[in-house]
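Spelled out, the chains give:
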Amino acid sequence: MPYFIASPCIDVTDKSCIEECPVDCIYEGDRKLYINPRECIDCGACEPACPEGAIFTDFKAPPEMTRFVEDNQRFFTGPLDGRDKPLGNAGGSGKVGRVGADTELVRSWRPA
C-alpha cells in the first residue's frame, strides 16, 4: 500500500516531504498535502521527513488515521471544488502545481 497523509498535516503543510519524494507524487491541496497512490513507489522517504508525523502506510496507521487512506485516494479520483473532472494521474505534482482544493473530509475538518 502506498503511503498516505493524515490529519496532522491539515493547516500545517510543512512540505518537507515534497522535497524528499523522488517521484514527485505529493500534491498540495488547500489545507493539506496528498500522496497519489498510483504514482507512489513506496520508498518511504517522505515518512521521516514529515515533522508532524502525518505520513503512514495503511498497515502501520493508528486506527483514528485510517479514514485518510480512502480520503487520500478520493483527492485523485473524485471531483474537487473548482474542477470539472478528477485530478487522476497527473504525472507529478510539479506539472500541476498547487491544486488549491481539498476533499470533503479535509474541508470540513475542525481542529481538536
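Before reading further, recall that the structure is shown in the block above.
The sections below set out a description of the structure shown in this document. As the structure is a computational prediction, the values presented were derived from the model and not from experiment.

**Topic: a negative patch on the surface**
Okay, step 1: Among the surface-exposed residues, Asp14, Glu19, Glu20 and Glu52 lie close enough to one another that they form a single negatively charged patch.
Okay, step 2: Here glutamate 19 is to be found in helix H1 (residues 16-20).

**Considerations on the state of the cysteines**
Okay, step 1: Under the counting rule described, the total for this entry stands at zero disulfides.
Okay, step 2: Lacking any disulfide linkage, cysteine 17 is separated from the closest cysteine sulfur, that of cysteine 50, by 6.1 Å.

**Quick word on the nonpolar core**
Okay, step 1: Ranked by internal contacts, the top residues of the largest apolar core, which has 18 residues, are Phe4, Phe68 and Phe75.
Okay, step 2: Apart from the residues within four sequence positions on either side, phenylalanine 75 is in contact with Tyr27, Gly29, Tyr34, Leu80, Leu87, Val99, Ala101, Asp102 and Thr103.
Okay, step 3: Formed by 14 residues, the second largest nonpolar core is a distinct cluster that contains Tyr3, Cys21, Cys40 and Ala54.

Conventions adopted
Residues numbered from 1 in each chain as written. Predicted model: local features only at pLDDT ≥ 70, side-chain atom pairs only at ≥ 80, totals over all residues. Heavy atoms only, no water. Patch = residues over 30% accessible without salt bridge, like charges linked within 9 Å, V, L, I, M, F, W, Y side chains within 5 Å. Areas by Shrake-Rupley, 256 points an atom, 1.4 Å probe, with all protein chains shown as cover. Salt bridge = Lys/Arg side-chain N within 4 Å of Asp/Glu carboxyl O. Lys, Arg positive; Asp, Glu negative; His and termini not counted. Charge placed at Lys NZ, Arg CZ, Asp CG, Glu CD. Helix = DSSP H or I, 4+ residues; strand = E, 2+ residues; numbered from the N terminus. Disulfide = S-S within 2.5 Å. Core = buried A, V, L, I, M, F, W, Y, C linked by side-chain atoms within 4.5 Å. Buried < 20%, exposed > 50% of the residue type's maximum accessible area, 1.4 Å probe, protein only. Contact = heavy atoms within 4.5 Å.

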